[in-house]
Amino acid sequence: MNPWEGVVEAEKGEDMMAEAPTRVQERIYRIDPDFMHELLKMPGGDSFKLCYQCGTCTATCPISRFTEVFRPNKIMHMAKLGIRDVVKEDTIWLCSVCYNCVEKCPQGVEITDVIRALKNKAALEGHVPAYFRELAATVLKTGVAYTIPGSRLAARETRGLPPLPKTNLDDLKKLAEVTHLEKSLGKA
Amino acid sequence: MADMNYALFLGCMIPYREGSYEISARKVAKALDLELVDMPDANCCGLPLDPASHEMALAMATRNLCIAEKMGLKVMALCNGCTGFLKKADKRLKDDRDLRKEMNAKLAAVGIQYLGKTEVKHIANVLTEDVGFEKLKTYVKRPLTGLTVAPYTGCHIFRPSKVMGVPHPLSPQILNDLVEVTGAKVVEYVDQYQCCGASEGSIDNKIPVYLAREKLRNAKAAGADVMVTLCPTCHQTLDGNQPLVERTFQEHYGLPVLHYTQLLGLAMGMSPEELAINELRVKAVKALEVLNT
């Protein structure tokens, strides 16, 4: 599924009607009552049960303005109904973690954390964007989220900056083992 | 006055692409008598990995907190993302005894223990809470009169407010107040407290371009000469990606985006060269001309 289906160009005005964005495809989902209980056990994944579908999260979401496919209230509803396939939706990865919705939710649903729990669950089942597998590999190789070019590290001295601290990579590797990172990424 | 020594947490984006932030922050901190001690052996704060594995991300954050504890110092971060994630981890571990026990069992594998003895602050929090506005004002040697600034606060420094302890989570005044201290004029604009969209870039780079464009357009319409950020990732989206926004929409903004530490440095009498202002993608020479008259 292409998450960019339906990205709206807000500025086009009258053109927008002419090029009406493709609607999200209607699908029939299987309902699995166990799914809700699995999600309730994930860290931070329990507050969705308070959601009463007012839609405030979606109204306040800066991402929902630009794409029709990202609707936080819909994600909460799917979780509540026990639609396991929500973890296969690419849309859960569109949450930018800005916490706007969390500030405004009248029910105190930690929407960002619930979506994070869904992302974690998706990863566990192997539905993780390649970006995160690469990122995990980079973190274990360098200690940080990017591979900083050697020339840039060397240039720090000429720019009057102290050398960058080096991470003990053995420590990170051990942490990855005890937190089952491989398994979390749907591998092994 | 509070203890003015801090463990400096640089994170990833700053050494990777935002050297000018680090240079200006160190210069300003030195001038303000804040002692920054580099954290040996620190790792990524954990936030980028959180969507894939919350368990690993939390362990990474806690490892950083343990390093600061060992140094006996408070953590000062320059990045909103790092600040938010480390602070959230710290608060959760302080509040939840079971979680702390569980985490310490994992950390035993690398021979460290979390004790809950440190505190996490963004440099903006250090400036407002530890240095204080009164003292900060005395350092302003060359007020930036005539410069109109659109502050862009970012998200993780104040949301979620339950963790960050901010009184007005929908319109935090921290950066506005900090800009006002420099003598510059603050303008408000639509969506100034909304997300820059940077983390979307990991999935695709289309949405951040739309979000960055909104901010640039609204700030420009409000009459801003420059924008000011507190976070390297917001800066990357607004400054680094500005040419991309201009190309995508066939529009011209040419709106320089300064790190707050650069703006403060200017007000403290430092030169643009010292503060690495020439390293910005969108050049600020013309916008800063008003200061020379």
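None of these values were measured; they are calculated from a predicted model. (Residues numbered from 1 in each chain as written. Chains lettered and ligands numbered in written order. Predicted model: local features only at pLDDT ≥ 70, side-chain atom pairs only at ≥ 80, totals over all residues.)

### Considering the overall build of chain A
Across its full length, chain A holds 10 helices and zero strands. Its helices and strands in sequence order give chain A the pattern α-α-α-α-α-α-α-α-α-α, from N to C terminus. Within chain A, the fraction of its 188 residues that count as buried is 38%. For chain A, long-range pairs separated by at least 24 residues make up 72% of all intrachain contacts whose partners lie at least 6 apart in sequence. (Helix = DSSP H or I, 4+ residues; strand = E, 2+ residues; numbered from the N terminus. Buried ≥ 20, exposed ≤ 12 C-beta atoms within 10 Å, placed from the backbone. Contact = placed C-beta atoms within 7 Å.)

### Digging into the overall build of chain B
When helices and strands are counted, chain B shows 13 helices and eight strands. Taking 293 residues into account, the globule formula puts the C-alpha radius of gyration at 19 Å, and chain B, at 19 Å, falls close to it. Principal-axis analysis of the C-alpha atoms places the extent of chain B at approximately 60 × 45 × 30 Å. Scored against the burial criterion, the 293 residues of chain B give a buried share of 55%. Partitioning the contacts of chain B with sequence separation of at least 6, the portion at a separation of at least 24 is 78%. (Rg over C-alpha atoms; globule rule 2.2 N^0.38 Å.)

### Quick notes on the sheet that holds strand β5 (residues 148–152) of chain B
All names here are of chain B. What the four strands build is an open sheet, ordered β6-β5-β7-β8; its pairing is parallel. Because the sheet does not close on itself, it has two edges, and the strands there are β6 (185–186) and β8 (257–259). Here two bridges tie β5 to β6, and the two strands are oriented parallel to one another. Pairing of V149 across the sheet is with V186, part of β6. Those strands touched by helix α9 (residues 174–181) are β5, β6 and β7 (226–229), and its axis lies near 150 degrees from that of β5. (Pairing = 2+ DSSP bridges. Axes fitted to C-alpha atoms, helices over the stretch in contact; angles between N-to-C directions.)

### A look at helix α2 (residues 19–31) of chain B
All names here are of chain B. When the terminal C-alpha atoms of α2 are compared, their 19 Å separation across 13 residues agrees well with the 18 Å that a helix rising 1.5 Å per residue should span. Here α2 has its buried residues at S20, Y21, E22, I23, S24, A25, K27, V28 and A29. Against the buried residues of α2 lie α1 (13–17), β2 (35–38), α6 (123–131), α11 (232–240), β8 and α13 (260–267). Two residues or fewer past α2, D33 is found with a positive phi of approximately 60 degrees. (Expected span 1.5 Å × (residues − 1).)

### Considering the domain arrangement of chain A
How big an interface is tends to be expressed through the accessible area that disappears when the partners come together. Taken as a whole, chain A is organised into domain 1 (10–124) and domain 2 (130–184). Taking only C-alpha atoms into account, the centre of domain 1 of chain A sits 31 Å from that of domain 2 of chain A. (Domains from an automatic or database assignment.)

### Focus: the interface of chain A and chain B
If you look at the interface, chain A gives 50 residues, while chain B gives 46 residues. Breaking the side of chain A that touches chain B down by element, the ones donating at least two residues are α5 (100–104), α6 (111–124), α7 (130–142), α9 (169–178) and α10 (181–184) of chain A. For the side of chain A that touches chain B, the leading source of residues is α9(A), giving six residues. Classifying every residue of the side of chain A that touches chain B by side-chain character gives 34 nonpolar, nine polar and seven charged. (Nonpolar A, V, L, I, M, F, W, Y, C, P; charged D, E, K, R; others polar.)

### Some words on the domain arrangement of chain B
All names here are of chain B. Here chain B is partitioned into domain 1 (5–123) and domain 2 (133–291). One C-alpha centre belongs to domain 1, the other to domain 2; they are set 24 Å apart. Taken together, the contacts link 25 residues of domain 1 with 26 residues of domain 2. Here the side of domain 1 that touches domain 2 gets nine residues from one element, more than from any other, and that element is α2. Across the side of domain 1 that touches domain 2, the residue classes tally to 11 nonpolar, eight polar and six charged.

### Here's the deal with unusual backbone geometry
What you tend to see is this: most non-glycine residues have negative phi, and most peptide bonds are trans. Cis peptide bonds are those with omega within 30 degrees of zero, and the linkage from R159(B) to P160(B) qualifies with -5 degrees. On the secondary structure map, P160(B) appears in the loop between β5 and α8 (161–164). Positive phi is not limited to glycine here, since Q53(A) has a value of about 60 degrees. Relative to the helices and strands, Q53(A) is located in the loop between α2 (33–41) and α3 (56–60). Residue classification places Q53(A) among the exposed positions, given that 12 C-beta atoms sit within 10 Å. Located in the positive-phi region is D33(B), a residue other than glycine, with phi close to 60 degrees.

### Some points on the sheet that holds β2(B)
All names here are of chain B. Strand order in the open sheet formed by four strands is β2-β1-β3-β4, and the pairing between neighbours is parallel. Strand pairing shows two members of the sheet lacking a second neighbour, β2 and β4 (120–122), which therefore form its edges. Neighbour-to-neighbour, the strand axes of the sheet open up by a mean angle of 40 degrees, direction not taken into account. Bridging between strand β1 (residues 5–9) and strand β3 (residues 74–77) involves four bridges; their strand directions are parallel. Of the residues in β3, the one forming a bridge with L8 is M76.

### Concerning the confidence of the model for chain B
On average, chain B scores 95 in pLDDT, and the residues at 70 or more come to 98%. Both confidence scores are given for the complex: pTM 0.93, ipTM 0.94. (pLDDT = per-residue confidence, 0-100.)

### Focus on the environment of A52(B)
On the secondary structure map, A52(B) appears in the loop between β2 and α3 (54–71). Setting aside residues no more than four positions away along its own chain, A52(B) makes contact with A123(A), V128(A), F132(A), A136(A), S184(A) and L185(A).

### Thoughts on the packing of α3(B) against helix α5 (residues 97–107) of chain B
All names here are of chain B. Between α3 and α5, whose axes approach to 11 Å, the crossing angle comes to 80 degrees. The angle between α3 and α5 falls in the class roughly perpendicular. From α3, L58, A59, T62 and C66 reach across to α5, where they touch M103, K106 and L107. Counted by class, the contact of α3 with α5 contains five nonpolar, one polar and one charged residues. (Parallel < 35°, antiparallel > 145°, perpendicular 65-115°, else oblique.)

### Brief notes about the environment of R133(A)
Residue and element names in this part refer to chain A. When you line up the elements, R133 lands in helix α7. What makes R133 partly exposed here is the crowd of 15 C-beta atoms within 10 Å. Sequence separation of R133 and E182 is 49 residues, and the distance between their C-alpha atoms is 9.3 Å. With residues near it in sequence (within four places) discarded, R133 still touches V128 and L185.

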